[in-house]
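# Coordinate analysis (summary)
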Amino acid sequence: MPSSTSPDQGDDDLEACVLRFSDLDLKDTSLMNPSSSLKAELDVSAKKKYSFAKKKAFSLFVKTKEVPAPPCECKEKWWKCCQQLFTDPTSIHRHVATQHANEICHETASVLKQLAVTSSTSKSLESTDKRNPFKEDLTRNQEVSTWLPDISCFNPDELISGQGNNEGEVLLYYCYCDLKDPDWVCAWQTALCQHLHLTGKVRIATEGINGTVGGSRLATRLYVSVMLSCPLFKDYLCKDDFKTSKGGACCFPELRVGVFEEIVPMGISPNKISYKKPGIHLSPGEFHKEVEKFLSQANQEESDTILLDCRNFYESKIGRFQGCLAPDIRKFSYFPSYVDENLELFKEKRVLMYCTGGIRCERGSAYLKTKGVCKEVFQLKGGIHKYLEEFPDGFYKGKLFVFDERYALSFNNDIVSECSYCGVPWDHYNLCSTPQCRQLVLTCPACQERGFTACCVTCQDKGNRQAASPAQSSFKEECECTARRPRVPRELSRRGPLTAGASPLKPGAQAGC
């Protein structure tokens with residue numbers, strides 16, 4: 001892929017190399033062996049490029065042979081090649097140098113060829129003035145595949161295997177930046193995810209990109225490398241912006257990539273509320289200290305600080321920060337209305353905002369700031385996900401809700417929610433048993449065995465009627481749970497910690513979620 005990186009910069013990070021030399025054709029037999037006539041014809045400058053290319057080719061080849069070391073070993077990785085296992089870098093390097101010299105020479109020639117293309121493309125891009133390089137390439141009828149990483153050196157099984165919950169990985173990330181051609185980025189992201197056998201959801205807009213994708217660990221590593229090296233995002237994204245968790249392609253039913261007005265739906269045009277004017281970002285450590293100071297106050301009701309959960313009620317129900325204000329809203333698009341309805345609550349307050357990964361706080365804090373009533377507005381950088389990585393036993397209690405088929409991640413043993421029917425501690429969500437209902441319900445195994453598998457009596461009755469009469473399959477999606485919940489709740493006062501959740505219900509009562 002075109003890159004402005006010079007080989008004189010030394011041995012760059014290998015992961016960036018995967019993208020930078022993504023177009024290598026390792027099967028191109030027309031390339032000359034760089035150890036013979038090609039190398040002899042190179043001038044001094046080109047010899048430097050040859051040395052650089054050979055190092056990169058060697059490193060990339062070794063990288064493809066990595067395998068996880070056994071848990072009992074202090075090392076993180078071993079290498080497997082030619083049905084042999086190597087436990088230290090020296091041995092694998094010696095093996096590659098002696099047994100795979102031809103492959104290294106062939107790939108070195110390909111790298112040199114790509115460097116020539118890179119140089120030519122870079123000069124071309126400099127003359128395009130302020131035009132978008134991606135769009136410029138598109139208008140030249142270059143295929144989207146031109147911007148995909150080379151995976152010919154990998155066994156196809158390596159990209160597909162290890163996609164189960166215990167072997168694969170799920171990536172969560174977002175990047176706010178101006179994109180001039182979101183439709184092209186959408187096509188590229190679709191091709192990229194399919195290329196790497198990733199599933200998940202990617203939202204693209206003129207304001208940036210928001211993605212959650214799952215697949216094998218090799219596939220997710222390659223995806224991160226591509227994103228970090230992409231000219232559109234490399235000045236905004238860093239490796240720490242990608243949150244990882246155990247999972248895989250199985251966590252999502254399919255791949256969905258699309259172009260939207262917002263990368264997270266707040267319901268207000270980015271032209272009116274921009275991501276460029278957010279609250280003050282606090283690292284997990286800084287946020288932890290602020291929460292600790294807040295919780296140490298004798299009378300939190302009269303505190304000048306509000307710990308605000310920006311998520312939906314069903315998220316905060318199974319996990320939240322101690323002492324937080326958790327609005328009883330069903331969608332983030334209701335958040336602006338919630339702020340408007342409860343503006344008095346935020347007057348002269350220091351607001352500490354948090355959400356799953358940080359993305360909702362970016363524009364949520366920007367909206368709150370436009371009201372001009374708060375003393376200060378802060379937000380947790382990296383969201384709960386990054387906080388729990390650093391403080392698994394900190395002030396966040398319970399599980400972290402995620403929008404995939406896992407429903408939740410566990411970082412500690414705390415259970416803050418309960419079965420909606422009998423009241424025993426329980427925090428594992430299931431979908432309501434009525435097919436047309438999309439509500440989540442907390443019902444323990446004992447209650448499930450007794451047939452309490454719906455979110456409310458109405459849905460339970462719908463399910464029974466449908467079982468008795470399969471032809472009757474048309475029901476309204478929304479049930480009593482939605483009907484009885486105010487779209488935008490109004491807080492009467494700051495009555496201490498306000499958290500989402502309902503009292504346990506007896507069998508036969510409305511369960512809700």
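Residues numbered from 1 in each chain as written. Predicted model: local features only at pLDDT ≥ 70, side-chain atom pairs only at ≥ 80, totals over all residues. Heavy atoms only, no water.

The name an unreviewed UniProt entry gives the protein is Thiosulfate sulfurtransferase/rhodanese-like domain-containing protein 2, with Bos mutus as the organism.

Turning our eyes to something else, we now look at the packing of aromatic side chains. Inspection of the entire model under this criterion finds 19 aromatic pairs. Note on Phe401 and Phe403: the rings are 5.1 Å apart at their centroids and 80° apart in plane angle, and the pair reads as edge-to-face. A residue is classified by how much of its surface remains accessible, and Phe401, at 3% relative accessible area, is buried. The structure contains a cluster of three or more aromatic residues connected by ring pairs, namely Phe287, Phe321, Tyr354, Tyr387, Phe391 and Tyr396. When the ring centre of Phe260 is taken as origin, the NZ or CZ atom of Arg203, which lies over that ring, is 3.8 Å away. (Phe/Tyr/Trp six-rings, centres within 6.5 Å; stacked < 30°, edge-to-face > 60°. Buried < 20%, exposed > 50% of the residue type's maximum accessible area, 1.4 Å probe, protein only. Lys NZ or Arg CZ within 6 Å of the ring centre and 35° of its normal.)

Two numbers describe a pair of packed helices, the interaxial angle and the distance between the axes. It is at 9 Å that the axes of helix H10 (residues 284-295) and helix H14 (residues 383-390) come closest, and there the two elements cross at 85°. The angle between H10 and H14 falls in the class roughly perpendicular. Contacts between H10 and H14 involve Pro284, Gly285 and His288 from the former and Lys386, Tyr387 and Glu390 from the latter. Class assignment of the residues belonging to the contact of H10 with H14 gives a composition of two nonpolar, two polar and two charged. (Axes fitted to C-alpha atoms, helices over the stretch in contact; angles between N-to-C directions. Helix = DSSP H or I, 4+ residues; strand = E, 2+ residues; numbered from the N terminus. Parallel < 35°, antiparallel > 145°, perpendicular 65-115°, else oblique. Contact = heavy atoms within 4.5 Å. Nonpolar A, V, L, I, M, F, W, Y, C, P; charged D, E, K, R; others polar.)

Take H14 next. Here H14 lies mainly inside the structure; six of its eight residues are buried. Residues Gly383, Ile384, His385, Lys386, Tyr387 and Leu388 constitute the buried set of H14.

Under the defined criterion, the tally for this structure stands at 20 salt bridges. In this structure, Lys386 and Asp240 form a salt bridge, with 3.1 Å as the shortest nitrogen-oxygen distance. You can see Lys386 sitting in helix H14 and its partner Asp240 sitting in the loop between helix H9 (217-229) and strand S7 (243-247), a full 146 residues away along the chain. Overall, the relative accessible area of 11% leaves Lys386 in the buried class. Lys386 is the partner of Glu389 in a salt bridge, and the nearest nitrogen-oxygen pair spans 3.5 Å. With Glu389 and Lys386 both in helix H14 and three residues apart, the pair spans about one turn of that helix. In the salt-bridge network here, residues are joined through shared partners; they are Glu290, Lys293, Arg350 and Glu376. (Salt bridge = Lys/Arg side-chain N within 4 Å of Asp/Glu carboxyl O.)

Moving on: the sheet that holds strand S12 (residues 350-354). If you trace the four strands from one edge of the open sheet to the other, you get S9-S13-S12-S10, paired in parallel fashion. Both edges of this open sheet fall to strand S9 (280-282) and strand S10 (305-309), since each of them pairs with a single strand only. Taking each pair of neighbouring strands and ignoring which way they run, the sheet shows an average axis angle of 25°. As paired strands, S10 and S12 are joined by five bridges and run parallel to one another. When the bridges of S12 are listed, Ile306 appears paired with Val351. Against the sheet, H10 touches S9, S10, S12 and strand S13 (376-380), its axis set at about 130° to S12. (Pairing = 2+ DSSP bridges.)

It is worth spelling out the sheet that holds strand S2 (residues 77-81) at this point. What the three strands build is an open sheet, ordered S1-S2-S3; its pairing is antiparallel. Two strands bound the open sheet, and with one partner strand each, they are strand S1 (66-68) and strand S3 (84-86). Here the strands of the sheet are splayed against their neighbours by 40° on average, with no regard to which way each runs. Here S1 runs beside S2; their pairing, made up of three bridges, is antiparallel. Along S2, the bridge assignment pairs Glu66 with Trp79.

With twelve residues, H10 should cover 16 Å at 1.5 Å per step; its first-to-last C-alpha distance of 16 Å lies within 8% of that length. Here the buried face of H10 lies against S9, S10, strand S11 (319-321), S12, S13 and H14. (Expected span 1.5 Å × (residues − 1).)

This brings us to the pairing of strand S6 (residues 208-215). Most of S6 is tucked away, with eight of its eight residues classed as buried. Of the two faces of S6, both are covered, the one formed by Gly208, Asn210, Thr212 and Gly214 as well as the one formed by Ile209, Gly211, Val213 and Gly215. Bridge analysis of strand S4 (residues 168-176) against S6 gives eight bridges, and the strand direction is antiparallel. Bridged to Cys175 within S6 is Ile209. Bridging between strand S5 (residues 199-205) and S6 involves seven bridges; their strand directions are antiparallel. Following the sheet pairing, Lys201 is matched in S6 by Thr212. Count of turn residues in the S5/S6 antiparallel hairpin: two residues.

Membership of the largest hydrophobic core comes to 36 residues, with the highest contact counts inside it found for Trp188, Leu196, Ile204, Ile209, Tyr223, Met227 and Phe233. For this core, the leading source of residues is H9, giving seven residues. Apart from the residues lying within four places of it in its own chain, the contact partners of Tyr223 are Leu171, Tyr173, Gln189, Leu192, Cys193, Leu196, Leu198 and Val213. Membership of the second largest hydrophobic core comes to 33 residues, among which are Ala205, Tyr275, Leu308 and Val351. (Core = buried A, V, L, I, M, F, W, Y, C linked by side-chain atoms within 4.5 Å.)

Below, the discussion takes up the packing of helix H8 (residues 182-195) against H9. Where H8 contacts H9, the two axes come as close as 11 Å, and the packing angle between them is 155°. Taken together, H8 and H9 sit at an angle that is classed as roughly antiparallel. As for the relative orientation of H8 and H9, their crossing is right-handed in sense. Here Trp188, Gln189, Leu192 and Cys193 of H8 lie close against H9, whose contacting residues are Tyr223, Val226 and Met227. A breakdown of the residues in the contact of H8 with H9 according to their chemical character gives six nonpolar, one polar and no charged. (Left-handed = near helix turned anticlockwise from the far one by under 90°.)

Now for unusual backbone geometry. Non-glycine residue His197 carries a positive phi angle of around 60°. Positionally, His197 belongs in the loop between H8 and S5.

A few words on the environment of Cys374. Within the secondary structure, Cys374 sits in the loop between helix H13 (359-370) and S13. Distance in space between the C-alpha atoms of Cys374 and Leu345 is 9.5 Å, their sequence separation being 29 residues. Every residue in contact with Cys374, bar those within four places of it in the chain, is listed here: Phe346, Glu348, Lys349, Val351 and Leu368.

The next thing to look at is the environment of Gly248. Relative to the helices and strands, Gly248 is located in the loop between S7 and strand S8 (255-259). Sequence separation of Gly248 and Ser161 is 87 residues, and the distance between their C-alpha atoms is 9.7 Å.

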